[in-house]
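# Residue-level structure breakdown
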Amino acid sequence: MKEVTGSEALLLSIINEGVDTIFGYPGGTIIPVYNSLYDYKNQLNHILMRHEQGATHAAQGYARVSGKVGVCFVTSGPGVTNTITGIGDAMIDSTPMVVVTGQVGTSALGTDAFQEIDVIGITSPITKWSYQIRRAEDIAWAVARAFYIARSGRPGPVVLDFTKNAQLETVNFEPKKCNFIRSYQPIPDINNDKIKLAAEAINNAKKPFALVGQGVTLGNAEKELKQFLEKADIPAAFTLLGESAMETDYPLNRGMLGMHGNVAPNMKTNECDVLIAIGMRFDDRVTGNTATYARQAKIIHFDIDPSEISKNVKADISVLGNVKDTLPLVTNLLNKNSHREWIASFDEYDKKEYEKVISKELETKTGDLKMGEVVRAISDAVDSSAVLVTDVGQNQMMAARYFKFRQNRSMITSGGLGTMGFGIPAAVGAKLAVPSRTVCLFCGDGGFQMTMQELGTIMQGEIGVKIILLDNEWLGMVRQLQELFCEKRYSATKMKNPDFCEIAKAYGIKSCRVTTREELAQGVKEMFADDKAYVLVANVEKSGLVLPMTPAGTDVTNILLE
Amino acid sequence: MEKKLYTITVFSENTPGLLNQITIVFTRRQLNIETLSVSPSSIEGIHKFTISVYCDADMIEKVIKQIDKRIDVIKAYYNVDEELVYQEIALYKVSTEDLLDSKLESIIRKYNARILEVDRVYTIIEMTGHTEETQQLFEELNKFNVLQFVRSGRISITKSPIEQLNDYLDKREIRRKEIEGK
Ligand SMILES: Cc1ncc(C[n+]2csc(CCOP(=O)(O)OP(=O)(O)O)c2C)c(N)n1
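Residue numbers run consecutively from 1 along every chain, following the written order of its sequence. The order in which chains are written sets their letters, starting at A; the order in which ligands are written sets their numbers, starting at 1. Thresholds applied to this predicted model are a pLDDT of at least 70 for local features of residues and 80 or more for the giving and counting of side-chain atom pairs; totals over whole chains, interfaces and linings are not thresholded and use all residues. Think of the side-chain values as coming from all heavy atoms in the structure, minus any hydrogens and water.

## Observations regarding unusual backbone geometry
Residue and element names in this part refer to chain A. Of note, the bond from L547 into P548 is cis; its omega dihedral lies within 30 degrees of zero at -5 degrees. Here a helix means four or more residues in a row that DSSP labels H or I, a strand means two or more in a row labelled E, and each is numbered from the N terminus. Turning to its location among the elements, P548 is positioned in the segment after β20 (534-539). With a phi close to 50 degrees, A294 is a non-glycine residue in the positive phi region. Relative to the helices and strands, A294 is located in the loop between α13 (284-287) and β13 (298-303). At K488, a position not held by glycine, the phi torsion is positive, near 55 degrees. Within the element layout of this structure, K488 appears in the loop between α21 (476-485) and α22 (500-506).

In structure tokens form, the structure reads like this:
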């Protein structure tokens, strides 16, 4: 027991949770916390971002790479409203995060005091839990609970709204631990009958097919996944957030699902006889029209969150639990099997996709640079071992399609919310989580300008992220939709851009602009010559299309190749 | 899919803001709450929400799971009318002069309603029953002009011999001991 202020109690509590990095931005109602932070500089590395949205995305990037809880401090009012995008993003992408928001004193609550906003009301629909701390005595309890909730079960964001009086009051402090909440069961009980049913269905399958989602990564179940796939010889594909759970060249990894995914896995979804969904949620970007989705198949759904079962696609067999626990139980009951012929049947689609799409994207040796070839050039330069961060749009899909992975927890992207501007700050967070790894960010000229103020954070913190800006002078993904579905009526998608190299220069960050293949090779070499931050601006073809494409809401097999 | 009336029972910790969290689930799914009643339960510190809603069987499953997912919700259940004993209470204000009409008295008798208060000007009548019953009484009384009418949300009790909440709480208590014993 030690008598401290509420602010200090907060810091001691988060240190007790193992936190050493905080992303934030100060202001009036959180000043006491920042004042205490001054005394804990050696234990807590606070990264001053340039916008609170950036703080949340940085915390997300940090959390996604490391598996630890990302932490943000922001002030009340506009400080909080600026975090909403990141909190929503973390919610839909299941990212563990604790956001501490300053709040006016308890006596002023509800009076429209300066910079007062209803934080709990605004954030509760987009958080796993949000709680207002009104008394210093509640801090130890609330912080312990917040971290437990954020990281357990299906992870997610938690908001702690910290009133100013609670920051200033003194309290007899002792840190608390939380690993049980009566009303919250993070991991559902395993039902052995379901394990047996699942194993039986897989043993009887002639054409089994596994869909790998982020649940595998969140459950640290990469090894268990492979044992499962290998024992019964099951081909697998990944969702956008499930990428990097299997390395790209893993033989049973047959590519990406979804709207801009690979042809074979999307086609095979409607050809398999048993579809095994592992820690994924049948997002509409994966399923297209659910009325025709995998109708021929028996569907087995492994998930930790009961509310995902039969939410979008009806499951015939649901296996609740952490996939790290449930997969091995099923694997134990599987017969050793071989599905060589079925797996080989994917090749034909791969070949077609290669001819129609991939070869054009990677092997065109004349004309403008293609987005895909830039991505692959970077991926090859880092020997497939880097962390990939993406922004949103064509750059994101191209990066997901053509970047290669060897290591898990290496794909950081805004999946469910599709947040432009996610990229730069998320890359900052990712790099801080794994300083020894190379972190490559791909973004478009639109998304770059949504959070480019974070170049200031990169400059101040000397954070060595490698930024590759695929500059097409358009809001490319929207332009693509307008080209294909709006008779080329390009409404509000053309961009007149600043000189991005001059911007990088203003922040003291080295950069170059490349237009030809020789320049690209040279630029890549220069970018990786040291481990400092770098902005490589690639002039890519203006009217590039991300293909293949399954138009939204249509059948998963309705794939445009050109 | 066929829509019918489901009664949802939610048991929660007594946390402020929980009602908001629950109603958001309905709003997002574009469902109208027909009736809502909230009160402390028989167990100290646990609140009970009774909500009735029209929807189909798939939707009720999804709604229940999404409510259950909220951290401070202990457990959410749903039932159809056949599995429940349920009641609503209705209050009616009529003019006392009308009451002196013998026909009104016979209506009150017929519906087994009660007179709560008689004033020189007005009389308050109370009736407990299902919506259709309290509605019928309203319509009959309204022939004489009802000055005010109010009906509560439904409250209900399951007919099942199993007390699901108690079983759940017992299970959680065992789990707590396992974890904290470690
Ligand atoms: C915050 C936000 N606003 C708008 C959108 C809609 N949107 C999706 S992709 C896109 C275009 C992105 O353009 P750019 O950043 O240049 O990347 P490109 O598609 O050209 O690679 C837009 C506007 C979004 N996803 N997020």
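## Focus: the domain arrangement of chain B
Domains are outlined according to an automatic or database domain assignment. In terms of domain boundaries, chain B breaks down into domain 1 (4-79) and domain 2 (85-151). Using only C-alpha atoms to locate each centre, domain 1 of chain B and domain 2 of chain B end up separated by 31 Å.

## Let's talk about the sheet that holds strand β4 (residues 73-79) of chain B
All names here are of chain B. If DSSP finds at least two bridges between two strands, the strands pair. With respect to topology, 4 strands assemble into an open sheet ordered β2-β3-β1-β4, the strand pairing being antiparallel. Each edge of the open sheet carries a strand with a single partner, namely β2 (33-40) and β4. Here the strands of the sheet are splayed against their neighbours by 15 degrees on average, with no regard to which way each runs. Each of β1 (3-13), β3 (46-56) and β4 touches helix α2 (residues 57-68); the most contacted strand, β4, lies at about 165 degrees to it. Only heavy atoms matter for contacts: two residues are in contact if any of them lie within 4.5 Å across the pair. In this analysis, axes come from line fits to C-alpha atoms, helices being fitted only over the stretch in contact, and the angle between any two N-to-C directions falls in the range 0 to 180 degrees. Strands in contact with helix α6 (residues 164-181) are β1, β3 and β4; relative to β4, the strand with the most contacts, it is inclined by about 150 degrees.

## Quick notes on the domain arrangement of chain A
Residues and elements named next belong to chain A. When its domains are assigned, chain A resolves into domain 1 (2-173), domain 2 (192-347) and domain 3 (368-539). Here the C-alpha centre of domain 3 lies 30 Å away from the C-alpha centre of domain 1. Buried surface area refers to the total accessible area, computed with a probe of radius 1.4 Å, that the two partners give up upon joining, counted for both partners together. Taking both sides of the interface into account, the surface hidden between domain 1 and domain 3 amounts to around 1,900 Å²; carbon and sulfur atoms contribute 64%. Three residues, R50, R64 and V65, lead the burial of domain 1 against domain 3; their summed loss comes to 35% of the area buried on that side.

## Side note on the pattern of salt bridges
Any two side chains of opposite charge can pair, so long as their charged atoms come close to each other. Residues and elements named next belong to chain A. What counts as a salt bridge is simple: a side-chain nitrogen of Lys or Arg found within 4 Å of a carboxyl oxygen of Asp or Glu. According to the stated counting rule, one finds 42 salt bridges over all chains in the structure shown. We note a salt bridge from E308 to R154, for which the minimum N-O separation is 2.8 Å. Residue E308 is located in the loop between β13 and β14 (317-320), and its partner R154 is located in the loop between α7 (139-151) and β7 (157-163); the two are separated by 154 residues in the primary sequence. For the pair formed by E308 and R154, the shared burial category is buried. Exposure categories follow from relative accessible area, calculated using a 1.4 Å probe and restricted to protein chains: below 20% of the type maximum is buried, above 50% is exposed, and the middle band is partly exposed.

## What to know about the sheet that holds strand β4 (residues 70-74) of chain A
Residue and element names in this part refer to chain A. The 6 strands lie next to each other as β3-β2-β4-β5-β7-β6, forming an open sheet whose pairing is parallel. The open sheet has two edge strands with one neighbour each: β3 (45-48) and β6 (129-133). Taken over all neighbouring pairs, the strand axes of this sheet differ in orientation by 20 degrees on average, direction set aside. Where strand β5 (residues 97-103) lies against β7, 7 bridges are found, and the strand directions are parallel.

## Considerations on the interface of chain A and chain B
When the parts of a complex come together, some accessible area is lost, and that lost area is often taken as the interface size. Taken together, the 24 residues of chain A in the interface contact 24 residues of chain B. Summing both partners gives a buried area of about 2,100 Å² for chain A against chain B, and 48% of it is carried by carbon and sulfur. When the area that chain A buries against chain B is broken down by residue, the three leading residues are F180, R182 and S183 of chain A, summing to 34%. Run the count over chain A and chain B and you get 5 salt bridges. Between D58 of chain B and K314 of chain A there is a salt bridge, with its nearest N and O atoms 3.4 Å apart. Residues adjacent in sequence count toward polar contacts only when both atoms are side-chain atoms; beyond that, a polar contact is any pair of N or O atoms within 3.5 Å, and within protein one must be able to donate a hydrogen and the other to accept it. Across the chain A-chain B interface, the total number found is 16 residue pairs in polar contact (both at pLDDT 80 or more). Polar here means any residue outside two lists: the nonpolar Ala, Val, Leu, Ile, Met, Phe, Trp, Tyr, Cys and Pro, and the charged Asp, Glu, Lys and Arg; Gly therefore counts as polar. Classifying every residue of the side of chain A that touches chain B gives 8 nonpolar, 8 polar and 8 charged.

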